[in-house]
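Next come the chains, spelled out residue by residue.
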Amino acid sequence: RVDVVLGNHELMNVELDFRYVTDNGWDDWGDLEDDEEFAFIQKQMEALCYPSFMADRICAFKPGGDMTSRLADMPVVLQVGDTVLVHG
């Protein structure tokens with residue numbers, strides 16, 4: 001069994017802090033250009049000076065996005081027997 005605990009780098013993505021995203025990390029989010037919200041996200045990105053290659057990842061981590069919804073279900077603290085685990 002593998003248990004996953006929410007960590008700070010995941011939360012950084014939700015906050016649009018991408019300092020720890022590798023070059024390959026931008027390619028993993030598919031092509032959302034046909035998504036109806038994509039144009040809206042792209043306008044916001046331009047206003048905030050984010051480059052366009054970040055759009056797919058930003059869509060995934062925006063409030064209500066696919067990844068944000070998954071992360072919301074992840075524990076921050078886990079107890080296994082007598083041991084308490086947190087990311088850190």
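For the structure, check the block above.
Residues numbered from 1 in each chain as written. Predicted model: local features only at pLDDT ≥ 70, side-chain atom pairs only at ≥ 80, totals over all residues. Heavy atoms only, no water.

S.K.: How do you make sense of the pattern of salt bridges when you look at a structure like this?
M.R.: A side chain of one charge can pair with a side chain of the opposite charge when the charged atoms of the two come close. If you walk through the whole model with that rule in mind, you get 2 salt bridges. Linking Arg-1 and Asp-3 is a salt bridge whose minimum nitrogen-to-oxygen distance equals 2.9 Å. On the basis of relative accessibility, which here comes to 86%, the residue Arg-1 falls in the exposed class. Taking the shortest distance from any N to any O, the salt bridge between Asp-17 and Arg-19 comes out at 2.7 Å. A relative accessible area of 22% means that Asp-17 is categorised as partly exposed. (Salt bridge = Lys/Arg side-chain N within 4 Å of Asp/Glu carboxyl O. Buried < 20%, exposed > 50% of the residue type's maximum accessible area, 1.4 Å probe, protein only.)

S.K.: Even after reading the chapter, I still don't get unusual backbone geometry, so can you show me in this structure?
M.R.: Of note in this structure, Leu-16 is not a glycine but carries a positive phi near 60°. Looking at where Leu-16 falls in the secondary structure, it is placed in the loop between helix H1 (8-14) and helix H2 (38-47). Here Leu-16 falls in the partly exposed class, since its relative accessible area comes to 25%. If you check the backbone angles, Cys-49 has positive phi at about 65° while not being a glycine. Mapped onto the elements, Cys-49 comes out in the loop between H2 and helix H3 (55-61). (Helix = DSSP H or I, 4+ residues; strand = E, 2+ residues; numbered from the N terminus.)

S.K.: Which parts of the structure should I look at to understand the state of the cysteines?
M.R.: Such a bond, covalent and formed between the sulfur atoms of two cysteines, is termed a disulfide. Per the stated rule, a full pass over the model turns up 0 disulfides. Note on Cys-49: no disulfide assigned, nearest cysteine sulfur contributed by Cys-59 at a separation of 18 Å. Assessed through its relative accessible area of 8%, Cys-59 is described here as buried. (Disulfide = S-S within 2.5 Å.)

S.K.: How should I be thinking about the environment of Glu-10 in this particular structure?
M.R.: With respect to the helices, strands and loops of the structure, Glu-10 is situated in helix H1. Look at Glu-10 and you get partly exposed, because its relative accessible area is 31%. Between the C-alpha atom of Glu-10 and that of Leu-71, which follows or precedes it by 61 residues, the distance is 7.7 Å. When near neighbours in sequence (up to four residues on either side) are disregarded, Glu-10 contacts Phe-61 and Leu-71. (Contact = heavy atoms within 4.5 Å.)

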